[in-house]
Each structure stands twice: as structure tokens, then as C-alpha cells.
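This is what each chain is made of:
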Amino acid sequence: MTPRDTAHTLSRLRTAGLLVALAGAAAFALGAAGGPSRALQSYLFGYMFWLNVTMGCVGVLMLHHMVSGGWGFMIQRPMEAGAWTVLPMAILFIPLLLGVRTLYPWAGGGAVHVWGAWLNVPFFVVRVVIYFAVWITGALLLGGWSRRQDGGDGPRFTRRLRLLSAAGIPVYVFTMTFASIDWVMSLEPAWYSTIYGAIFVVDQVLAAIALAAIVLRYVPVARPLRDVVTPRRVHHLGNMMLTFVILWAYVAYSQYIIIWSGDLPDENSWYLRRSAGGWGVLAVIVIVVHFALPLILLLFRSSKRSLRALARIALLLLVMRFADTYWLVIPAFGGPHAGVVLTDIAAPLAIGGLWVAAFAWRLSGGSLVPLGDPRFRPAIEAGEGA
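On a predicted model such as this, the values are computed, not experimentally measured, just so you know. (Residues numbered from 1 in each chain as written. Predicted model: local features only at pLDDT ≥ 70, side-chain atom pairs only at ≥ 80, totals over all residues. Heavy atoms only, no water.)

Relative to the elements of secondary structure, Ser-180 occurs in helix 8 (residues 154–183). What makes Ser-180 buried here is its relative accessible area of 0%. If near-sequence neighbours (up to four positions away) are discounted, Ser-180 is found in contact with Met-185, Tyr-196, Gly-197 and Phe-200. (Helix = DSSP H or I, 4+ residues; strand = E, 2+ residues; numbered from the N terminus. Buried < 20%, exposed > 50% of the residue type's maximum accessible area, 1.4 Å probe, protein only. Contact = heavy atoms within 4.5 Å.)

In C-alpha cells form, the structure reads like this:
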């Protein structure tokens, strides 16, 4: 493989993303004509799925700068490209701001809950601005300083990246926790969970790790990145995937067991709504295919050392992340029209097409490896080592 092959693949990926976005937008407009409110619900679901991928890239990137493991250099530039997409994601949030009174019961003049001081439209908008200001600043600094390393003075920017990541990880967890409360949990303002934000953070990191495995498998990589993608480092990436599959099951089950043991009507209603009819079937599918099956596959050393096998598991996990996000968001609206409609497919396709195009464009903007990072050369010279 040569850099030319990589550039050609990314160019085709960018074009394909734009075509999918156009097709998705057309289908979304068609579906929205028959039910604008339901279309807005679909848009929120699609948006949250792709935002989770974006923010997961930010989290994994900061984790890499903190631990400086050799596995991180395989995925650093894809994670930087994914983190950069927080810019278009900020713009794509505008429809949700315009539809806030349609989506959220607390914003439409309904009953006032104990969250009243927090859940009001002006303060909601202020928090949205704060969240994106923090995320965009972090993503631009992480990507910008990394690329400036290639221009010289690498050690200085390496220290900056470590310091930013050390401060950024708790800020990321804190802001994402409140964003998940604002944008998803408050769809049902009478219900709350103290572990809800942790579920979203784990979801995001798992989605980003899956994305990294897929990119390494399907985007042609040339030297020197090819020298870094060794079976041992792929194995490390597989171990991370296994860890977060187990952690996802742990936090999701912890929330369930806490609410089950409390046995309070306002809390139980959240699970009762998501276990009725088809929602219950989807829940079982997610448990089996998102947790049990990947757990079994990732216990085998051969699955974690083969990039082809790991990418297939990653594709499965991303599909299940899609299904799980749907299960989290759409049942909150209830009613007879909570099942699958055209806009539930069109909205993620439209947003995802734009996301993929932006990701491919950013990834093609420079070297796929941080050549100026003083930690990079030792990682290559270590060969099969970590």
C-alpha cells in the first residue's frame, strides 16, 4: 500500500458520505412531511448516535496522550479526525435548538418538576453553548498541537498534550454527563438515574474503539503507520474493546439493579416502557449481540490479534450501538407511533453521511502518523513491543 492508495480511498469515502447524506436528507424531508414532530424525534436519535462516536474519539485521544501506549499511535490520527467532527456536529445541533419546545415536555409549558430551575429553555441554550465551546476548544487544541509537532519542537507540544489530556478527561466526563441528562434523560423529566452519564461515556469510548478498528482494517495504510500496526498492538486494541464491552454491561446492569431494588413507580416506568412489546425484544437482542456474543469472541486470542476479525466484531458493535441508542431515545416519546418510521433511518443516514465526509476530509489532511511526536520513533523501534 502507498500514501496514494490511502488518499484515493479517503476521497472515495468522502464522496460516498456526501451522496449518502443527500439521499438521507431527501428521505428525511419526505418522512417529515407526514409527521414533523416524529421526524424531530428521529433527528435527536440519529444525532445522539453520531455525537457519541465523536465524543468517544475525544475521550480515547486524551487517554492515548495520558498513557502513551504504542497502540495509540495506530489510531491517533483517526481519533483526531473524529474529534474534529465536533465542529459540524455543533452546527447540526441547531435543528434541536429550534425544536426544543416540541421535543421536551418541560419546555412546552407542561407541568413543572423539581428540575424547574435547571430545565428551562434559556438556561438550556446557555449550557449547549458551554458544552460545545469546551468540546470544540479541546478538539482543536488536541488536533492542532499534534500536527504542530510535525513542524518541530515536538517535546514542548507533547507536554502540552499530556497536560491538556490530564485536565480534559474529567472535564469531558463532567460535561458529557450533564449533556446526556439535558438532551436525553430530560425527555422523561420525572425519571432520573445517577449512573446515566457514565453509561453514555462508556458507550462513546466503545464506539470510538470500534471505529478505530474499522478504519485500520478498511483504509489502506502505508509505511510508517504499517510498521506500527503489529499483531501485538492490534491485540491491545482488542483488549480495550473487551474491557469496554464488559464495562458497558456493568454500568447498564448497575442502573437496572439499583432501580429494580428501589421499586419506585417513577423509576420503574422507564424500564417498563422499554420492555413492552417490540422494545423488550430489542432489549434482549442488544444484551445478547452487544454483550454476550462480543464477550465470547473477544476472549479468543486469535480474534484480538487478527485485524480482520477485530474489525468484524467492531462493525457488529457499531450496529448494536445504533440499536441501543434507538432503545434509549425513542421509547421516551411513547404513544402509538413510537415504532420504526422512515425518518428513523433517514436521519442517521443524513447526519452520518456528513459525519463520514467530514471525517474522511480531515483524515486526508496530513500524515496518518504523528511523525514529530518524540514518542513515535521509539514505538516503531520497539517492533512488536507495546
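What follows deals with the packing of aromatic side chains. Aromatic ring pairs are reported here in terms of the distance separating the ring centres and the angle at which the planes meet. Under the definition given, this model contains 30 aromatic pairs. Centroid distance Trp-191 to Trp-270: 4.6 Å. Interplanar angle 10°. Geometry classified as stacked. Of the two residues, Trp-191 sits in the loop between helix 8 and helix 9 (196–218) while Trp-270 sits in helix 12 (residues 265–273), which places them 79 residues apart along the sequence. Centre to centre, the rings of Tyr-256 and Tyr-271 are 5.2 Å apart; their planes meet at 85°, and the pair counts as edge-to-face. Note that Tyr-256 is positioned in helix 11 (residues 231–262) and Tyr-271 in helix 12, a separation of 15 residues in sequence. Judged by relative accessible area, Tyr-256 falls into the partly exposed class, the value being 37%. Following the ring pairs from residue to residue traces out a cluster consisting of Phe-45, Phe-49, Trp-50, Trp-279, Phe-322, Tyr-326, Trp-355 and Phe-359. The ring of Phe-157 carries Arg-156 above its face, with NZ or CZ at 4.7 Å from the centroid. Arg-217 extends its terminal NZ or CZ atom over the ring of Tyr-218, reaching a point 5.1 Å from the ring centre. (Phe/Tyr/Trp six-rings, centres within 6.5 Å; stacked < 30°, edge-to-face > 60°. Lys NZ or Arg CZ within 6 Å of the ring centre and 35° of its normal.)

Under the counting rule described, the total for this entry stands at seven salt bridges. Salt-bridge contacts for Asp-344 lead to Arg-38; the nearest nitrogen and oxygen are separated by 2.7 Å. With Asp-344 in helix 16 (residues 342–363) and Arg-38 in helix 2 (residues 36–67), this residue pair connects regions lying 306 residues apart in the sequence. As far as the burial class goes, Asp-344 and Arg-38 line up, both buried. For Glu-80, the salt bridge identified is with Arg-77, shortest N-O distance 2.8 Å. Of this pair, Glu-80 and Arg-77 both sit in helix 3 (residues 70–84), three residues apart, roughly one helical turn. You'll find Glu-80 and Arg-77 in the same group, each marked buried. (Salt bridge = Lys/Arg side-chain N within 4 Å of Asp/Glu carboxyl O.)

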